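# Structural overview for review
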Amino acid sequence: MPAVICGSLAFDTIMTFEGKFSEQILPDQLHILNVSFLVPALRREFGGCAGNIAYALKQLGGTPLPMATVGSDGAEYAARMKGMGISTEFVREVTDAYTAQAMIMTDRDNNQITAFHPGAMMQAHITRIEARSDIRIGIISPDGRDAMLQHAEQFKAANIPFVFDPGQGLPMFDGKDLAHFVELATWVTVNDYEAKLLSDRTGLSIAELSKRVEGLIVTLGAHGSEVWVGGEKTLVAPSKAKEVVDPTGCGDAFRGALLFGLEQGWSLVKCAELGNRVGAHKIAYRGGQNYTLDGIK
């Protein structure tokens, strides 16, 4: 059962600073900030929420249909997806923009400074969601503002149940917008910080929000996840990571597992259990798309 995955495709440039940001940034000099960091280690990865979620879902045996835009430099990304057997039917090239780019610098304490250029992502709304007999589920992950708003309405109009996953796109929306997303969605998934922000902006508790959808999941990192159904919470125990190498894409790996479980008709608790296992496995590998999930289901 194909799953439409709305979100970004991006190139991640990841740099490692061997010192500590706190030793280079002087709090009393922030008004004249002018710093430079030597980054001996640098790598370029395929990323973006739609790409990472599609990768995880494909690894689990699902059928992802990423819906995203790439720029004039996006042919390499499209070719990679095709090589993995991921359809690019809904991947559109925008010739007058670059593919979204994230420049991520990490220090010795795993603090991060990120610069993000949205590029072609800001035109993601030009691709519409239409009803199709083989498409039974979808997800809205961080994307251009217009795309997130319009795709939510289109999922609803097409009678396709979907997960609302606002992620780092959540601050773009006010309480009214967010409440409307929840009204349209079938499920919601957020991390613990996003859960607090979602609750603050809508004026509704997580328990109250969960009563407006079939279920709501709050991921808690190393502490597992919470599954809320009808205002009742179930804590899902974490899976222990064998090694913590890189958290980039961990949340997206969880969401790929969530989609897989929903496709199978699993309960949200069972979906979250798989998500915890996949997320814990992913963080032992660098980048959002450099792991395999053989035997993990």
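Residues numbered from 1 in each chain as written. Predicted model: local features only at pLDDT ≥ 70, side-chain atom pairs only at ≥ 80, totals over all residues. Heavy atoms only, no water.

## Section: a nonpolar patch on the surface
- Side chains of Leu-30, Leu-33 and Val-35 sit close together on the surface and give an oily, nonpolar patch of about 260 Å² of accessible area.
- Within the element layout of this structure, Leu-33 appears in the loop between helix H1 (21-24) and strand E3 (41-47). (Patch = residues over 30% accessible without salt bridge, like charges linked within 9 Å, V, L, I, M, F, W, Y side chains within 5 Å. Areas by Shrake-Rupley, 256 points an atom, 1.4 Å probe, with all protein chains shown as cover. Salt bridge = Lys/Arg side-chain N within 4 Å of Asp/Glu carboxyl O. Helix = DSSP H or I, 4+ residues; strand = E, 2+ residues; numbered from the N terminus.)

## Considerations on the sheet that holds strand E1 (residues 2-6)
- Here 9 strands make up an open sheet; going across it, the order is E5-E4-E1-E8-E9-E10-E11-E12-E13 and the pairing mixed. In this open sheet, the two edge strands, each paired with only one partner strand, are strand E5 (91-93) and strand E13 (232-236). Averaged over all pairs of adjacent strands, the angle between strand axes in this sheet comes to 20°, irrespective of strand direction.
- Alignment of E1 against strand E8 (residues 137-140), held across 4 bridges, turns out to be parallel. Looking across to E8, one finds that Val-4 is bridged to Gly-138.
- Strand contacts of helix H9 (residues 268-282): strand E10 (187-191), strand E11 (215-219), strand E12 (225-229) and E13, with the helix running at about 165° to E12, the strand carrying the most contacts. (Pairing = 2+ DSSP bridges. Axes fitted to C-alpha atoms, helices over the stretch in contact; angles between N-to-C directions. Contact = heavy atoms within 4.5 Å.)

## Some thoughts on the sheet that holds strand E6 (residues 100-106)
- Reading across from one edge, E3-E2-E6-E7 is the order of the 4 strands in this open sheet, with mixed pairing throughout. Both edges of this open sheet fall to E3 and strand E7 (112-117), since each of them pairs with a single strand only. Averaged over all pairs of adjacent strands, the angle between strand axes in this sheet comes to 15°, irrespective of strand direction.
- Note that strand E2 (residues 10-16) and E6 share 7 bridges and pair parallel. In the sheet register, Ala-10 faces E6, and the bridge partner there is Ala-100.
- With respect to the sheet, helix H3 (residues 75-83) is in contact with E2 and E3, its orientation differing from that of E3 by roughly 65°.

## Here's the deal with the packing of helix H5 (residues 175-184) against helix H6 (residues 192-202)
- Interaxial distance between H5 and H6 falls to 8 Å at its minimum, and their mutual angle equals 110°. With respect to H6, the axis of H5 lies roughly perpendicular. Of the two elements, H5 crosses H6, and the hand of that crossing is left-handed. Residues Gly-175, Leu-178 and Ala-179 of H5 lie in contact with H6, whose contacting residues are Leu-198, Arg-201 and Thr-202.
- Per-class residue counts for the contact of H5 with H6 are 3 nonpolar, 2 polar and 1 charged. (Parallel < 35°, antiparallel > 145°, perpendicular 65-115°, else oblique. Left-handed = near helix turned anticlockwise from the far one by under 90°. Nonpolar A, V, L, I, M, F, W, Y, C, P; charged D, E, K, R; others polar.)

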